[in-house]
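Chain by chain, the residues run as shown.
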Amino acid sequence: MKQRISAPRTALHQFTVPLSATRRGARLARLLATEQLRFWELPLDPARLIVAELAANATVHGRVPGRSFRLGLTVTAPATLRIEVTDPRGDQLPAQVRATAGADPAESGHGLLLVEELADRWGVRTGPVPCKTVWAELDLGR
């Protein structure tokens, strides 16, 4: 995980929406994020790829029947986009998956490797019980 402790930032833009923990909800997360980024006149990629991966993980690994997940997008000064996906499975934290040379590719488990490569920083925050939030940040000034 790429993490860095920093001073609190002032939010310039915020967007949050609860979504059903289904494949349709994950797809809607990506579509809503794309439209919000367009409205804010921000680059679409790699943010929508990160949203798609985190939302898919929330529906597959963080799903609790009858409970939704939440997508949050925040733009803070100086020019940082923070993507957050909160699901109700705080008891199940994402595992660190590292690619190893010569290993057979698995069917799944590579999503967070994608997030690791695309995001400038990412991590996991537990709480409020029973939830967890997986977040990723992109520096927009590059």
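Sequence order sets the numbering: in each chain, residues are counted from 1 along the sequence as written. In keeping with the model being predicted, local features are shown solely for residues with a pLDDT of at least 70 and side-chain atom pairs are shown and tallied solely at 80 or more, while totals for entire chains, interfaces and linings include all residues. Water and hydrogen atoms were dropped before computing side-chain values, which therefore reflect all heavy atoms in the structure.

Participant: Would you take a moment to explain the nonpolar core for this structure?
Facilitator: A general trend in soluble globular proteins is that nonpolar side chains are found buried together. In this description, a nonpolar core means a group of buried Ala, Val, Leu, Ile, Met, Phe, Trp, Tyr and Cys residues linked to one another through side-chain atoms lying within 4.5 Å. The buried label applies to any residue whose accessible area, calculated with a 1.4 Å probe on protein chains only, is under 20% of its type's maximum; exposed applies above 50%, and partly exposed to all values in between. Membership of the largest hydrophobic core comes to 31 residues, with the highest contact counts inside it found for Leu71, Leu73 and Ile83. Taken together, the elements giving at least two residues each to this core come down to β1 (11–20), α1 (23–39), α2 (47–60), β2 (68–76), β3 (80–87), α3 (111–118) and β5 (132–139). Numbering of helices and strands runs from the N terminus; a helix is a DSSP stretch of H or I covering at least four residues, while a strand is a stretch of E covering at least two.

Participant: Just checking my understanding: could you explain the pattern of salt bridges for this structure?
Facilitator: Pairs can form between side chains of opposite charge once their charged atoms are near each other. Salt bridges are defined as contacts in which a side-chain nitrogen from Lys or Arg sits within 4 Å of a carboxyl oxygen from Asp or Glu. Throughout the structure, instances matching the rule amount to nine salt bridges. With a closest N to O distance of 2.9 Å, Asp45 and Arg48 form a salt bridge. Judged by its relative accessible area of 26%, Arg48 is partly exposed. Between Glu137 and Arg121 there is a salt bridge, and its shortest N-O distance comes to 2.7 Å. Of this pair, Glu137 sits in strand β5 while Arg121 sits in strand β4 (residues 121–126), and the two are 16 residues apart along the sequence. Just as Glu137 is buried, Arg121 falls in that class too. Each of Arg82, Glu84, Arg121, Arg125, Glu137 and Asp139 takes part in a single network of salt bridges with overlapping partners.

Participant: Which parts of the structure should I look at to understand the pairing of β3?
Facilitator: Looking down a regular strand, the side chains alternate between one sheet face and the other. Of all the eight residues making up β3, seven are buried; the element is thus mostly covered by neighbouring parts of the structure. Pairs of strands are assigned from DSSP output, requiring at least two bridges between the strands. As defined by bridge partners, β2 adjoins β3 across seven bridges and the pair is classed as antiparallel. Each residue of the ladder has a partner; that of Val75, found in β3, is Leu81. Remark: three residues form the turn of the hairpin made by β2 and β3, two consecutive strands paired antiparallel; Ala79 in that turn has positive phi of roughly 50 degrees. Taken together, the eight bridges between β3 and β5 define a ladder with antiparallel strand orientation. Counted as the bridge partner of Thr80 is Asp139 from β5.

Participant: Sorry if this is basic, but what is going on with the packing of α1 against α2 here?
Facilitator: Two numbers describe a pair of packed helices, the interaxial angle and the distance between the axes. The convention used is that axes are lines fitted to C-alpha atoms, helices contributing only their stretch in contact, and that angles between N-to-C directions extend from 0 to 180 degrees. Viewed as axis vectors pointing N to C, α1 and α2 meet at an angle of 155 degrees, and their least axial separation amounts to 8 Å. With respect to α2, the axis of α1 lies roughly antiparallel. Two packed elements cross with a definite hand, and for α1 against α2 that hand is right-handed. Listed contacts from α2 to Ala26, Ala29, Arg30, Ala33, Thr34 and Leu37 of α1 are Ala47, Arg48, Val51, Ala52, Ala55, Ala56 and Thr59. Ten residues, namely Ala, Val, Leu, Ile, Met, Phe, Trp, Tyr, Cys and Pro, are considered nonpolar, four, namely Asp, Glu, Lys and Arg, are considered charged, and the remaining ones, Gly among them, are considered polar. Of the residues in the contact of α1 with α2, the class split is nine nonpolar, two polar and two charged. Orientation labels follow simple angle bins: below 35 degrees gives roughly parallel, above 145 gives roughly antiparallel, 65 to 115 gives roughly perpendicular, and whatever is left gives oblique. In this scheme the crossing of two helices becomes right-handed for a clockwise turn of the near helix relative to the far one and left-handed for an anticlockwise turn of less than a right angle. Residues count as neighbours in contact if any of their non-hydrogen atoms are within 4.5 Å of one another.

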